Amino acid sequence: MKLLLSLLVVSTLPKWAVPQVLPMRAPLKAVAELVNGGPRIFSGERVRLKCSVPGKVSAEWRYQWFRGGEQLQESEYFVLWKARPQQSGKYYCQGLRTTWISTQHTLHSLPIEIEVDGGWAILQAPPLPMLVGETLTLMCRVRGNPRLTEVILYKDGVELQRQSGPELCVTNLTLQHHGSYWCRASWDGRRQTNSVISVAASVSIIEVLTEPMLEIVPNDPLIHKDRMLLVCHVQLNAREPVSHIHYYFYQDGLSLGLASSQDRVTVLRDSGRYWCKASIPTLGLKRLSEPVPYGRLTGIHQGPVVSLQPRAPSHPDPMKGPPQTTTSIQPSEPLTLPDVSGDSPNTLAPGVGSDDGTVVWKDF
């Protein structure tokens, strides 16, 4: 009987001795969204915001609203019933719930900026950056929604277009369309013509594929000492998923191999000028980096010819209003880069594989 009891006690010890390791979870983050209204409204109008915590819906969550560093109220929805210009600002929320141990708080949501305009006209513009080649849609709103007879759109002090409706479109965007926009609206009423002008709204235009930047890492501890690492940094901005980016690398105008989905390559450490190119064939996009010299250059190294994108125009003070001019902006066509030998078979022959498994490209 004593032996049986001792066996039972010993058999239960491991169950209590081994600690249970719980997986670490990433902190939850609240989400604030605009339900009714817009980010830019007239004074006296209403805007409604909602706070939520992604994941499993739980009735235990409560929500706190903030504007700047000021705590406003605790509720799922936050409403500005008759908004005033003084209530303009960045609104965000936070989720919290109380357990038998402590009170759990989520991370703050991304802010939603609400601008309450006390004037007569508002130019509604997309809050997110637009991409080159897209169509920009702007709305010139007038308090009371009168029947407009003429709407003029200005960009950086220059008249861009005029029409009778409140909706204005700018097609085939380029980097030169980046800037400040405002509108002037006119309508007839009480035997007179009324005309109002909106506050300026900023519009950002970005490239779908940014210009690559080549980084040379000569002393990477993971590769052989007589080799160096080339890394091609590029950013893809797309509304929908696209195929992989193809990367090409060059030394003194010669290709260092075929296209690859990897943004880095290991090559022999050698003096010269290096480039990289990023290409998305399905979108017809390709961008070439600026040359990066390495080591001692003993002459002029000819490389791929680069057509640089134009810089965005400077931004004048939008509060000065549009000047008295009627010239029109003619959007320039987007510049394209000439093709280089990277899309064709490589001009260098592959060499022998190294001990660490990398492939080195050498001249014949």
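Residues numbered from 1 in each chain as written. Predicted model: local features only at pLDDT ≥ 70, side-chain atom pairs only at ≥ 80, totals over all residues. Heavy atoms only, no water.

A.B. asks: I'd love a proper account of the overall build of the protein chain, names of residues and values included.
C.D. replies: Helices and strands together make up the secondary structure of the protein chain, namely one helix and 29 strands. Per-residue burial over the protein chain gives 35% buried out of 364 residues. For the protein chain, the exposed area adds up to about 22,400 Å²; of that, 55% sits on carbon and sulfur atoms. (Helix = DSSP H or I, 4+ residues; strand = E, 2+ residues; numbered from the N terminus. Buried < 20%, exposed > 50% of the residue type's maximum accessible area, 1.4 Å probe, protein only. Areas by Shrake-Rupley, 256 points an atom, 1.4 Å probe, with all protein chains shown as cover.)

A.B. asks: Explain the sheet that holds strand β1 (residues 31-36) residue by residue, including any values.
C.D. replies: Note: strands within a sheet are paired through backbone hydrogen bonds, in either parallel or antiparallel orientation. Spatially, three strands are ordered β1-β3-β6 in an open sheet, and the strand pairing comes out antiparallel. Strand pairing shows two members of the sheet lacking a second neighbour, β1 and β6 (77-80), which therefore form its edges. Each adjacent strand pair in this sheet contributes to an overall mean axis angle of 25 degrees, direction not counted. Pairing of β1 with strand β3 (residues 47-52), which is carried by five bridges, proceeds in the antiparallel orientation. Its bridge partner being in β3, L34 is matched across the sheet by L49. (Pairing = 2+ DSSP bridges. Axes fitted to C-alpha atoms, helices over the stretch in contact; angles between N-to-C directions.)

A.B. asks: Any details on the layout of surface pockets? Residues and values, ideally.
C.D. replies: Its boundaries defined by the atoms lining it, the largest pocket holds a volume of some 630 Å³. Together, 18 residues line the largest pocket, and P39, E113, A125, P126 and P127 are the ones closest to its centre. A per-element tally of the lining of the largest pocket places strand β18 (residues 201-203) first, with three residues. Residues that form the lining of the largest pocket fall into these classes: eleven nonpolar, four polar and three charged. (1 Å grid on protein atoms, 1.4 Å probe; cavity = no way out; pocket = protein on both sides within 12 Å on 5 of 7 lines; lining within 4 Å. Points joined across faces, edges and corners; volume = space filled by probe spheres on them. Nonpolar A, V, L, I, M, F, W, Y, C, P; charged D, E, K, R; others polar.)

A.B. asks: Just give me the short version of the side chain of E159, but keep the residues and values in it.
C.D. replies: With respect to the element layout, E159 can be found in strand β14 (residues 158-163). Polar side-chain contacts of E159 include one of 2.9 Å to the side chain of R162. (Polar contact = N/O pair within 3.5 Å; in protein donor to acceptor, adjacent residues only side chain to side chain.)

A.B. asks: Help me get a handle on the environment of I223, residues and values and all.
C.D. replies: Summarising the element assignment, I223 is placed in the loop between β20 (213-217) and β21 (227-233). The exposure class of I223 is buried, given its relative accessible area of 15%. For the pair I223 and T266, spaced 43 residues apart in sequence, the C-alpha separation works out to 7.9 Å.

A.B. asks: I'd love a proper account of unusual backbone geometry, names of residues and values included.
C.D. replies: The phi torsion at N172 lies on the positive side, around 50 degrees, for a residue other than glycine. If you trace the backbone, N172 turns up in the loop between β15 (167-170) and β16 (179-189). Classification of N172 by relative accessible area gives partly exposed; the value is 36%. Despite not being glycine, D252 shows a phi value in the positive range, around 50 degrees. Secondary-structure assignment places D252 in the loop between β22 (246-251) and β23 (254-255). We classify D252 as partly exposed; its relative accessible area is 22%.

A.B. asks: Provide a residue-level description of the packing of aromatic side chains, including the pertinent values.
C.D. replies: The geometry of two aromatic rings is summed up by the distance between their centres and the angle between their planes. In this structure the tally under the stated criterion is four aromatic pairs. Pairing W65 with F78 gives two aromatic rings, centres 5.8 Å apart and planes at 35 degrees, and the pair type is tilted. Linking W65 in strand β4 (residues 62-67) with F78 in strand β6, this pair joins segments that are 13 residues apart in sequence. The exposure class of F78 is buried, given its relative accessible area of 7%. An aromatic cluster of three or more residues is present, and its members are W65, F78 and Y91. The side chain of R48 reaches across the aromatic face of Y77, ending 4.1 Å from its centre. (Phe/Tyr/Trp six-rings, centres within 6.5 Å; stacked < 30°, edge-to-face > 60°. Lys NZ or Arg CZ within 6 Å of the ring centre and 35° of its normal.)

A.B. asks: Can you explain the pairing of β16? Please cite residues and give values.
C.D. replies: For β16, the tally of buried residues reaches eight of eleven residues, placing the bulk of the element in the interior. Direction of pairing for strand β13 (residues 148-155) relative to β16: antiparallel, over a ladder of seven bridges. Within β16, the position partnered with Y154 by the bridge is W182. Pairing analysis gives three bridges linking β16 to β18, with the strands arranged antiparallel.

A.B. asks: Go over the pattern of salt bridges, please, and point to the residues and values.
C.D. replies: Following the criterion strictly, the structure yields twelve salt bridges and no others. A salt bridge links R62 to E74; its shortest N-O distance comes to 2.8 Å. Of this pair, R62 sits in strand β4 while E74 sits in strand β5 (residues 70-74), and the two are twelve residues apart along the sequence. Owing to a relative accessible area of 30%, R62 belongs among the partly exposed residues under this scheme. When its relative accessible area of 43% is taken as the criterion, E74 is described as partly exposed. (Salt bridge = Lys/Arg side-chain N within 4 Å of Asp/Glu carboxyl O.)

A.B. asks: Please give an account of the state of the cysteines that cites residues and values.
C.D. replies: The final tally for this structure, using the stated rule, is three disulfides. Between the sulfur atoms of C140 and its disulfide mate C183 the distance is 2.1 Å. The S-S bond linking C140 to C183 shows a torsion near 80 degrees; that makes this disulfide right-handed. Remark: C183 occurs in strand β16 and C140 occurs in strand β12 (residues 136-142); sequence separation between them is 43 residues. With respect to class, C140 is no different from C183; both count as buried. There is a disulfide in this structure between C232 and C276, and the S-S distance comes to 2.2 Å. With the S-S dihedral at roughly 65 degrees, the linkage between C232 and C276 falls on the right-handed side. Pair noted here: C232 is in strand β21 and C276 is in strand β25 (residues 272-280), with a separation of 44 residues, a long-range link. Both residues of the pair, C232 and C276, belong to the buried class. Within the protein chain, bonded cysteines paired by disulfides and numbered along the sequence follow the pattern 1-2, 3-4, 5-6. (Disulfide = S-S within 2.5 Å.)

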